[in-house]
Amino acid sequence: MTHTPRASYNALPPRAQNACRRFALLPSTTTIDKGLAIALGGASPRTAQSLLNALAQAQFLATNGAEEGRGPVYSFHPASRGYVRERAGTEQETEESVLPALLDWLLVTASSVEVPVTPSHAVFPRRYTTSPTPVQFASKTESMAWLENQMPNAMAAVRAAMEAGMYWQACSLVHAMLPAWKVYRPYGWWIEAHELGLKAAQECGDRAAARVMAITLGTGLRETGEHTRAREQFWSVLRSAVADQDILMTAQAFHELGCMPRATPADARQHLLTARDIWDAEECQRGVGLTDIELGRWEQEHGLPAEAAARLTEAHRILTGFSDAYEAARAEAYLSLTLACTGNLDAAQAHALHAHEEFNACRAPWWAARTHEILGLNAKEHGTRTEAVGWFALSLDAFRNLRSDSDVERLHDHLSQLS
């Protein structure tokens with residue numbers, strides 16, 4: 001960078017100077033797009049893009065290419081940030097001047113994505129300190145791309161909110177990003193975000209919000225093999241929910257305890273049945289469908305494929321009725337494994353291929369790779385070696401791209417058994 005920050009800044013028109021200061025006050029790792037420029041400056045889309053172009057030309061912003069759901073993306077030049085932040089100080093502007101707008105914009109847009117993607121997710125009250133306008137998306141695929149590409153910004157914003165004591169905003173943003181945690185499975189961020197969210201909820205004295213943060217923290221811990229910590233979170237949630245007569249969270253805690261890998265078969269089944277009974281009594285059919293997925297998996301693993309097939313078929317029907325494509329596809333993927341065990345290979349393949357299409361539509365790459373693995377397992381089970389190798393190879397490539405070491409190792413084991 002060859003420009004002098006002082007001279008370049010002084011040459012900017014006032015509106016561009018204002019935008020420059022506000023961008024410099026964002027958390028240092030934040031990447032900037034037109035939607036954020038609109039949110040921070042109250043500009044029209046055309047004016048926002050003109051401001052970004054002017055700041056890029058003046059070498060305050062570096063162009064980072066384009067991202068789906070966001071368009072052109074920029075980052076602030078580190079060499080200029082210090083000078084511009086000093087200029088912001090002379091205008092009595094601080095990080096706290098722009099953080100509420102950043103948090104509100106991320107929250108209102110994530111919330112607009114959250115509702116159609118996770119339709120039965122309990123929504124926290126949204127409390128905005130500005131008047132944010134969500135980004136408008138042409139499709140669910142585009143909105144999920146925005147969530148995926150905004151995860152680094154969301155994490156930076158949550159950390160900054162915690163440092164600034166903006167606890168409810170931090171907790172709410174972690175909660176609204178649930179589709180990203182579920183679909184993309186970034187477990188490092190998942191766990192960090194929910195540890196911060198749990199602390200934030202506790203700082204707010206909100207026991208219900210703390211339970212939501214703890215239950216999702218526990219699922220992330222469980223998926224990364226931290227079973228003791230996960231179990232502690234679930235039992236803590238159960239005790240809190242029972243004490244506060246939070247019936248639905250009581251069911252959720254039993255459900256998660258039933259999914260613990262180290263639970264005895266009898267305990268796992270009983271926890272799941274207890275959760276299902278509560279869901280059913282409360283007429284929460286989506287909960288019934290989700291728990292039936294896990295009960296179907298239990299029945300399959302314990303030599304009851306016919307019962308498992310019936311239960312997973314019903315789970316798929318229920319979740320499809322709620323337009324919950326992601327969870328319905330999970331039910332269908334497990335149904336494929338079960339049907340293969342009963343000898344119904346054509347139906348098993350049809351369900352796995354359909355589930356794969358649904359996961360691709362949901363932008364759920366881990367599960368898309370997993371359905372290819374399921375197709376390979378079904379082929380291997382019934383002696384079609386060449387077909388099994390082909391499906392496993394596709395799955396292996398996908399898991400490599402996701403840098404999922406444990407999955408890559410498992411696929412290598414599958415392939416070695418067929419060599």
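Our subject is the structure that appears above.
No experiment lies behind these values; they were computed from the predicted model shown. (Residues numbered from 1 in each chain as written. Predicted model: local features only at pLDDT ≥ 70, side-chain atom pairs only at ≥ 80, totals over all residues. Heavy atoms only, no water.)

A. Looking closely at the side chain of Glu-93. Position of Glu-93 among the secondary structure elements: in the loop between α5 (78–90) and α6 (95–117). Accessibility expressed as a relative area gives 15% for Glu-93, which makes it buried. Here Arg-21 takes part through its side chain, which lies 2.8 Å from a polar atom of the side chain of Glu-93. Among all residues touching Glu-93, those that are not within four sequence positions of it are Asn-18, Arg-21, Leu-25 and Ala-88. (Helix = DSSP H or I, 4+ residues; strand = E, 2+ residues; numbered from the N terminus. Buried < 20%, exposed > 50% of the residue type's maximum accessible area, 1.4 Å probe, protein only. Polar contact = N/O pair within 3.5 Å; in protein donor to acceptor, adjacent residues only side chain to side chain. Contact = heavy atoms within 4.5 Å.)

B. Inspection of a negative patch on the surface at higher detail. Taken together, the side chains of Asp-277, Asp-280, Glu-282 and Glu-283 present a region of like negative charge at the surface. Along the chain, Glu-282 turns up in the loop between α14 (265–281) and α15 (285–301). (Patch = residues over 30% accessible without salt bridge, like charges linked within 9 Å, V, L, I, M, F, W, Y side chains within 5 Å. Areas by Shrake-Rupley, 256 points an atom, 1.4 Å probe, with all protein chains shown as cover. Salt bridge = Lys/Arg side-chain N within 4 Å of Asp/Glu carboxyl O. Lys, Arg positive; Asp, Glu negative; His and termini not counted. Charge placed at Lys NZ, Arg CZ, Asp CG, Glu CD.)

C. Main features of the packing of aromatic side chains. In this structure the tally under the stated criterion is 10 aromatic pairs. An angle of 85 degrees between the planes, with centres 5.6 Å apart, marks the rings of Tyr-334 and Trp-367 as edge-to-face. Of this pair, Tyr-334 sits in helix α17 (residues 325–341) while Trp-367 is found in helix α19 (residues 365–381), placing the two residues 33 residues apart along the sequence. The exposure class of Tyr-334 is buried, given its relative accessible area of 10%. Judged by centre distance (5.3 Å) and plane angle (25 degrees), the ring pair of Phe-359 and Trp-367 falls under stacked. As far as burial versus exposure is concerned, Phe-359 and Trp-367 are alike and both buried. (Phe/Tyr/Trp six-rings, centres within 6.5 Å; stacked < 30°, edge-to-face > 60°.)

D. Molecular detail of the nonpolar core. Phe-23, Phe-60, Met-177 and Phe-359 are the most contacted members of the largest nonpolar core, which totals 126 residues. Residue contributions to this core peak at 11 residues, all from helix α7 (residues 140–163). (Core = buried A, V, L, I, M, F, W, Y, C linked by side-chain atoms within 4.5 Å.)

E. How the structure looks around the state of the cysteines. Applying the stated criterion to the full structure yields zero disulfides. Here Cys-171 stays unpaired: no disulfide links it, and the sulfur of Cys-204, its closest cysteine neighbor, is 6.6 Å away. Summary of cysteine pairing: Cys-284 is not part of a disulfide, and the nearest cysteine sulfur, belonging to Cys-259, is at 15 Å. (Disulfide = S-S within 2.5 Å.)

F. Looking closely at the pairing of strand β3 (residues 71–76). Both strand β1 (residues 31–32) and β3 contribute to a ladder of two bridges, which runs antiparallel. Counterpart to Ile-32 in the pairing with β3 is Tyr-74. Where strand β2 (residues 61–67) and β3 come together, five bridges link them in antiparallel fashion. Looking at the pairing, Leu-61 lines up with Phe-76 of β3. Linking β2 to β3, which pair antiparallel, is a turn of three residues; within it Gly-69 sits at a positive phi near 85 degrees. (Pairing = 2+ DSSP bridges.)

G. Here's a closer look at the layout of surface pockets. A volume near 370 Å³ is recorded for the second largest pocket. Contributing elements (two or more residues each) for the lining of the second largest pocket: α3 (34–41) and α6. Ranked by residue count, the leading element in the lining of the second largest pocket is α3, at four residues. Of the residues in the lining of the second largest pocket, the class split is nine nonpolar, eight polar and three charged. (1 Å grid on protein atoms, 1.4 Å probe; cavity = no way out; pocket = protein on both sides within 12 Å on 5 of 7 lines; lining within 4 Å. Points joined across faces, edges and corners; volume = space filled by probe spheres on them. Nonpolar A, V, L, I, M, F, W, Y, C, P; charged D, E, K, R; others polar.)

H. Just unusual backbone geometry, in detail. For Gln-92, which is not a glycine, the phi torsion comes out positive at approximately 60 degrees. For Gln-92, a relative accessible area of 66% translates into the label exposed.

I. Up close: the packing of helix α20 (residues 385–401) against helix α21 (residues 405–417). Axis separation between α20 and α21 bottoms out at 9 Å; the angle between their running directions is 160 degrees. Compared by their axis directions, α20 and α21 come out roughly antiparallel. Read as a crossing pair, α20 and α21 show a hand that is left-handed. Side by side, α20 and α21 meet where Val-389, Phe-392, Ser-395, Leu-396, Phe-399 and Arg-400 of the first sit next to Asp-407, Val-408, Arg-410, Leu-411, His-412, His-414 and Leu-415 of the second. Here the contact of α20 with α21 is built from residues that sort into seven nonpolar, three polar and three charged. (Axes fitted to C-alpha atoms, helices over the stretch in contact; angles between N-to-C directions. Parallel < 35°, antiparallel > 145°, perpendicular 65-115°, else oblique. Left-handed = near helix turned anticlockwise from the far one by under 90°.)

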